[in-house]
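This is what each chain is made of:
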Amino acid sequence: MDRMVIKPAAVCSEKEDNERMQKAASTFHPTLWGDFFVDYQPPNKSQHACMKERAEVLKEEVRCMVKGSKEVSEILDLVLTLQRLGLDSYYKTELDDLLYSIYNSDFDDKDLNLVSLRFYLLRKNGYDVSSDIFLCFKDKEGSFAADEVRSLLGLYNAAHVRTRGDKVLDGAIAFTKSHLEAKLEHLKSPLKEEVSSALETPLFRRVRILETRNYIPIYEKISGRNETILEFAKLNFNLLQFLYCEELKKITLWWKELNIQSNLSFIRDRIVEMHFWMTGVCPEFNYSLSRIILIKMMAYITIIDDIFDTHGTTEESMMLAEAIYKCNESAIVRLPEYMKCFYLYLLKTFDLIEEELGTSNSYRVFYLKELLKRLVQGYSQEIKWRDEHYIPKTVDEHLEVSRATVGAFEIACASFVVMGDIITKETLDWLLTYPELLKCFTTLARLSNDIVSTKREQKGEHHVSTVQCYMFQHGTTMHDACVKIKELIEDSWKDIVKEYLTLPTEQPKIVAETIVDLARTADYMYKKTDSYTFANTIKDMVASLYVKPI
């Protein structure tokens, strides 16, 4: 691959930009992504400063709009727009106050689209509002009296913020989905793109930063768009893109050094995919250090997984597990030769993270070490199953171990370790108790991973997945087992929403919000295949996020 300088559109001529984009499109390939970002050059400092200055002006202009919003319909439309364009974090206090006022005000409206939007935004903001509000829109036969596409789409998206046993919303999804599918081919842009996107992924389940990237061009086509908000959204995204590329340059150089020093030629080279994944968890500017530390943790989880799952013998894997339990340089003596440099680099990384977190927060590295210990404990049990050809009696028995080994629990907890002072030691200790919210998310992640990877993994010597467990437990075919696993994934979404709406009051709201974001990223990465392993499937979205400015 030709090495190139990524030159953002903001400092390019139109001709230069077109040439750059054509070259990027032809050379950007998953196996070479790391080299691509090593050559990243930041934008001209003066022009970058001008962009930031203009963004600050626009931010305050939009703040005036937020504070000046009075009508319910105006407030709801503005909140949704800012969320989809990735701007809501700048006005968190103001938007929370507006939604609180709407929640506490009398509301009786016959506009299904408006009622759906209010319900969606309130539940999304943690208000456990009743779905009974939709009963008045049902006819005598029990069907919804709705045919207009906007209303159907609004109800469809609202219904996906459902919990178990919510028959009204279950029925709403079945009704709206069939009607939207029937109408899709007759719709025009941009409504057609909106409906198509919703049928693939409902609004509540979309990865926020990817939704921003996808929605800006759609919002630009809307006749009633606000030009100030649109300009701010574009600038904000392009500035984020610059930052992401700078982070990728740093993390790719770190990854290359790790590879050189550890000489583990068999590990998956997925550093760009890791960053891509973590931007879905915490996309904002203030989480730059968090993303870098999270990616390092994810890199080690991937390496350890590759050793336990494919490369290492049982004896070698158990040696590594013991060394991680000790987390001390003295443990190196018992490791196989090829693991020693990797293990030392891991310890060195922990020391560097302590420095990056600062004296007052260096204690948090203990939790990162604890997470890896729990991970290898789960891997060790799965190796035992594999070597003994043991099949867990039930899916639940399998999940008791495999929730941890999918890496979701470790990444979730690690994200809070590096999130800052808003997350206290008490919250970190609570997370290590494996609360129900985390169990719901890790169940979703494990089931989503298994359903797209089970056929591939079972071609070699491998422990059984939840799909095989369900087949043996219920005597079904793989197809029927996969159908049932998909239903269990839907149940996990419902459980996540329930836990999200009933989070203990002593825990900060960002805990539940982040776990929902993690669920969204898992849903995206495992929707059609294992996109982490087969990264070419997300090539276009990666290019849109990092290479193509708006």
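Here the structure is a predicted model, which is why all the values come from computation and not from measurement.

Draft legend 1. The overall build of the protein chain, seen in detail. Across its full length, the protein chain carries 24 helices and zero strands. The C-alpha radius of gyration computed for the protein chain amounts to 24 Å, which stays within 12% of the reference 24 Å derived for 550 residues, consistent with globular compactness. Projecting the C-alpha coordinates of the protein chain onto the three principal axes gives extents of approximately 70 × 65 × 45 Å. Looking at the protein chain as a whole, 57% of its 550 residues qualify as buried. Across the protein chain, every contact between residues at least 6 apart in sequence was considered, and the portion connecting residues at least 24 apart equals 73%. When the accessible area of the protein chain is evaluated, it comes to approximately 23800 Å², of which 50% is carbon and sulfur surface. Treating the 70 positive side-chain charges of the protein chain as one cloud and the 84 negative ones as another, the clouds have centres 2 Å apart.

Draft legend 2. Spotlight on the environment of Arg-374. Structurally, Arg-374 can be placed in helix H16 (residues 365–388). Taking the relative accessible area as the measure of exposure, Arg-374 reaches 25% and is therefore partly exposed. Apart from residues no more than four positions distant in its own chain, Arg-374 is found in contact with Phe-409, Glu-410 and Leu-432.

Draft legend 3. Quick look at a negative patch on the surface. Residues Asp-351, Glu-354, Glu-355 and Glu-356 make up a contiguous surface patch of negative charge. By the secondary structure assignment, Glu-355 is in helix H15 (residues 337–357). A relative accessible area of 62% means that Glu-355 is categorised as exposed.

Draft legend 4. Layout of the packing of aromatic side chains. This structure, assessed with the given rule, holds 21 aromatic pairs. Measuring from ring centre to ring centre gives 5.1 Å for Phe-119 and Phe-134, while their planes differ by 70 degrees; the resulting arrangement is edge-to-face. Remark: Phe-134 occurs in the loop between helix H6 (112–124) and helix H7 (149–159) and Phe-119 occurs in helix H6; sequence separation between them is 15 residues. Taking relative accessible area as the criterion, Phe-119 reaches 1% and is therefore assigned buried. Geometrically, the ring pair formed by Phe-266 and Tyr-338 is edge-to-face, given 6.2 Å between the ring centres and 80 degrees between the ring planes. With Phe-266 in the loop between helix H11 (227–262) and helix H12 (271–281) and Tyr-338 in helix H15, this residue pair connects regions lying 72 residues apart in the sequence. With a relative accessible area of 25%, Phe-266 lands in the partly exposed category.

Draft legend 5. Local environment of the packing of H16 against helix H19 (residues 425–432). For the pair H16 and H19, interaxial distance at closest approach is 12 Å and the crossing angle is 5 degrees. Regarding the angle of H16 to H19, the classification is roughly parallel. For the pair H16 and H19, the contacting residues are Tyr-367, Glu-370, Leu-371 and Arg-374 in the first and Lys-425, Leu-428, Asp-429 and Leu-432 in the second. Classifying every residue of the contact of H16 with H19 by side-chain character gives four nonpolar, no polar and four charged.

Draft legend 6. Focus on the nonpolar core. With 187 residues, the main nonpolar core has Leu-82, Phe-134, Phe-276, Leu-372, Leu-438, Phe-441 and Tyr-546 as its most contacted residues. When residues of this core are assigned to domains, at least three fall in each of domain 1 (47–233) and domain 2 (282–547). Not counting residues within four places of it along the chain, the set of residues in contact with Leu-438 comprises Phe-409, Ala-412, Cys-413, Leu-431 and Ile-515.

Draft legend 7. How the structure looks around the side chain of Gln-507. Along the chain, Gln-507 turns up in the loop between helix H22 (478–501) and helix H23 (509–525). Other than its neighbours up to four places away in sequence, Gln-507 contacts Thr-427 and Trp-430.

Draft legend 8. How the structure looks around the packing of helix H4 (residues 72–84) against helix H5 (residues 92–104). In contact at an axis separation of 11 Å, H4 and H5 are set at 140 degrees when each is read in the N-to-C sense. Relative to H5, H4 is oriented oblique. The chirality of how H4 crosses H5 is left-handed. In contact with Ile-75, Leu-76, Val-79 and Leu-82 of H4, H5 contributes Leu-95, Leu-98, Leu-99 and Ile-102. The residue makeup of the contact of H4 with H5, split by class, is eight nonpolar, no polar and no charged.

Draft legend 9. Representation of helix H14 (residues 314–326) within the structure. An ideal rise of 1.5 Å per residue puts 18 Å on 13 residues; H14 measures up with 19 Å between its terminal C-alpha atoms. Inspection of H14 places Ser-317, Met-319, Leu-320, Ala-321, Ala-323 and Ile-324 among the buried residues, and these make up the whole buried set. Buried residues along H14 sit in contact with helix H13 (288–311), H15 and H16. Where H14 terminates, the next one or two residues include Cys-327, which has phi positive at roughly 50 degrees.

Conventions used here
- Residues numbered from 1 in each chain as written.
- Predicted model: local features only at pLDDT ≥ 70, side-chain atom pairs only at ≥ 80, totals over all residues.
- Heavy atoms only, no water.
- Helix = DSSP H or I, 4+ residues; strand = E, 2+ residues; numbered from the N terminus.
- Rg over C-alpha atoms; globule rule 2.2 N^0.38 Å.
- Buried < 20%, exposed > 50% of the residue type's maximum accessible area, 1.4 Å probe, protein only.
- Contact = heavy atoms within 4.5 Å.
- Areas by Shrake-Rupley, 256 points an atom, 1.4 Å probe, with all protein chains shown as cover.
- Lys, Arg positive; Asp, Glu negative; His and termini not counted.
- Charge placed at Lys NZ, Arg CZ, Asp CG, Glu CD.
- Patch = residues over 30% accessible without salt bridge, like charges linked within 9 Å, V, L, I, M, F, W, Y side chains within 5 Å.
- Salt bridge = Lys/Arg side-chain N within 4 Å of Asp/Glu carboxyl O.
- Phe/Tyr/Trp six-rings, centres within 6.5 Å; stacked < 30°, edge-to-face > 60°.
- Axes fitted to C-alpha atoms, helices over the stretch in contact; angles between N-to-C directions.
- Parallel < 35°, antiparallel > 145°, perpendicular 65-115°, else oblique.
- Nonpolar A, V, L, I, M, F, W, Y, C, P; charged D, E, K, R; others polar.
- Core = buried A, V, L, I, M, F, W, Y, C linked by side-chain atoms within 4.5 Å.
- Domains from an automatic or database assignment.
- Left-handed = near helix turned anticlockwise from the far one by under 90°.
- Expected span 1.5 Å × (residues − 1).

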